[in-house]
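# Structural features, examined
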Amino acid sequence: SGIVGLNVSQTGLFNWAGGGNNNATGVLYANLTLKYKKNKIAWDSNLDTDFGLMYVPETLYPWRKSNDKIVFSTKLGYEFSKTWFVTVLGGFRSQYVSGYEYKMISGVENENYVSNWASPSYSDLSVGIDWKPNAIFSLYLSPVAGRVTTCTDSLLRATYGVPIDQIYKADLGLTFKAGVNYSVIKNLKIISIFSIFSPYTSKIQPFGNFDVDWDFSISYQFLKVLNVSLNTSLKYYDQVMITDKSGATGPRVQFKEVIGLGIGYSF
């Protein structure tokens, strides 16, 4: 099952007293789920991905990336008791291309390089217990969870907690994951995945300081080809350093939301 679509928007201003910029934005997105169950074996996989571009012609940097996400997870379980599974879970998070943030400094717009393919990326592998009381909801807990944080670009390693002389760092810790896949009402689909991870072995991040990822997607399809959607992502990574407007640097809650109306298909 899943959601695939394209959202496009355009804003044009002429003698507009309220200010603003002419712009055009397009976002391709997909959230796909594959579920298999036979006898005591269950295998669930999910791909949540999007990519978007914005064109703002009246600025110093007119072409900008608006969306860029790859989140893949797969888990294979064996049912040892009704609704309870011994499970192996793997996951990967990254982005497709280089990313920038734009700030005004002394009246001049600056482009700051902040991310790239595999800079960072997060690869997870764990063994734990999965509770699946129905086809909509699941809970997973693993006390044996490994995470490899990769940053291939040395210029970005300090930002993402990777040693400057290494491409990656590996941690062993605890992870918890909750998932919802709701499609009971015709043409309405809700997909939500919440996960947290805390390392045992990190010298920088004390155990109990959790990395948080929460991705949420809701869509409604009407007139067969039109789709309205809301997608949100909330993150908190203890070793990801972000500079706020006051100039202070440290870990911060990150949040993004995209509301779209466009061509889409839910199945």
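Here the structure is a predicted model, which means the values were calculated and not measured.

## Section: the overall build of the protein chain
Across its full length, the protein chain carries zero helices and 16 strands. For the protein chain, the C-alpha radius of gyration of 20 Å lies close to 18 Å, the compact-globule estimate for 267 residues. Dimensions along the principal axes, computed over C-alpha positions, put the protein chain at roughly 70 × 55 × 25 Å. By sequence separation, contacts in the protein chain at least 24 residues apart represent 54% of the contacts at least 6 residues apart. As displayed, the protein chain offers around 14800 Å² of accessible surface, 66% of which is attributable to carbon and sulfur atoms.

## Regarding unusual backbone geometry
Between Ser-119 and the following residue, Pro-120, the backbone shows a cis peptide bond with an omega angle of 5°. Inspection of the secondary structure assignment puts Pro-120 in the loop between strand 7 (108-115) and strand 8 (121-131). The residue Ala-118 is not glycine, and still its phi comes out positive at about 60°. Structurally, Ala-118 can be placed in the loop between strand 7 and strand 8.

## Some words on the pattern of salt bridges
Under the defined criterion, the tally for this structure stands at 14 salt bridges. With a closest N to O distance of 3.5 Å, Lys-37 and Glu-79 form a salt bridge. Taken together, the residues span a long stretch of sequence, with Lys-37 in strand 2 (residues 23-38) and Glu-79 in strand 4 (residues 63-81) at a distance of 42 residues. Judged by relative accessible area, which is 51%, Lys-37 ranks as exposed. A salt bridge links Lys-69 to Asp-215; its shortest N-O distance comes to 3.9 Å. Note that Lys-69 is positioned in strand 4 and Asp-215 in strand 12 (residues 211-222), a separation of 146 residues in sequence. Comparing Lys-69 with Asp-215 shows no difference in burial state: the two are buried.

## As for the sheet that holds strand 5 (residues 84-94)
Pairing within the closed barrel is antiparallel, and its 12 strands lie in the order 1-2-3-4-5-8-9-10-11-12-13-16. The mean angle between the axes of side-by-side strands here comes to 20°, regardless of whether they run parallel or antiparallel. Two strands pair when backbone bridges link them, and strand 4 and strand 5 are joined in this way by 11 bridges, in the antiparallel orientation. By the bridge assignment, Glu-79 is partnered in strand 5 with Phe-85.

## So, a nonpolar patch on the surface
Taken together, the side chains of Tyr-36, Ile-41, Trp-43, Leu-76, Tyr-78, Phe-80, Trp-84, Val-86, Val-88, Leu-125, Val-127 and Ile-129 make up a nonpolar region of the molecular surface, amounting to roughly 1100 Å² of accessible area. For the nonpolar patch, the secondary-structure elements that each account for two or more residues are strand 3 (41-55), strand 4, strand 5 and strand 8. Assignment of secondary structure puts Val-88 in strand 5.

## Considerations on the pairing of strand 6 (residues 99-105)
A regular strand places its side chains on the two faces of the sheet in alternate fashion. Where strand 6 lies against strand 7, seven bridges are found, and the strand directions are antiparallel. Bridge pairing links Ile-105 to Val-108 in strand 7. Counting the residues in the hairpin turn of strand 6 and strand 7 gives two residues, including Ser-106, whose phi is positive at 55°.

What counts and what doesn't
- Along every chain, residues carry numbers that run from 1 in the direction the sequence is written.
- Whole-chain, interface and lining totals are the exception, using all residues; otherwise, since this is a predicted model, local features are given only for residues with pLDDT of at least 70 and side-chain atom pairs are given and counted only at 80 or more.
- Side-chain metrics in this entry use all non-hydrogen atoms of the structure; hydrogen atoms and water are not considered.
- Secondary structure elements follow DSSP: runs of H or I no shorter than four residues count as helices, runs of E no shorter than two count as strands, and numbering proceeds from the N terminus.
- Using C-alpha atoms as the atom set, the radius of gyration is obtained and then compared with a globule rule of 2.2 Å times the number of residues to the power 0.38.
- Should any heavy atoms of two residues lie within 4.5 Å, those residues are considered in contact.
- Every accessible area reported is derived by Shrake-Rupley at a probe size of 1.4 Å, with residue values counting cover from the shown protein chains alone.
- What counts as a salt bridge is simple: a side-chain nitrogen of Lys or Arg found within 4 Å of a carboxyl oxygen of Asp or Glu.
- Under the scheme applied here, a residue whose accessible area is under 20% of the maximum for its type counts as buried, over 50% as exposed, and between as partly exposed, the area being computed with a 1.4 Å probe on protein chains only.
- Should DSSP find at least two bridges between two strands, the strands are regarded as paired.
- To define axes, lines are fitted to C-alpha atoms, for helices over the stretch in contact only, and angles between the resulting N-to-C directions are given on a 0 to 180 degree scale.
- Candidate patch residues must exceed 30% relative accessible area and have no salt bridge, after which like charges are joined if within 9 Å and Val, Leu, Ile, Met, Phe, Trp or Tyr side chains if within 5 Å.

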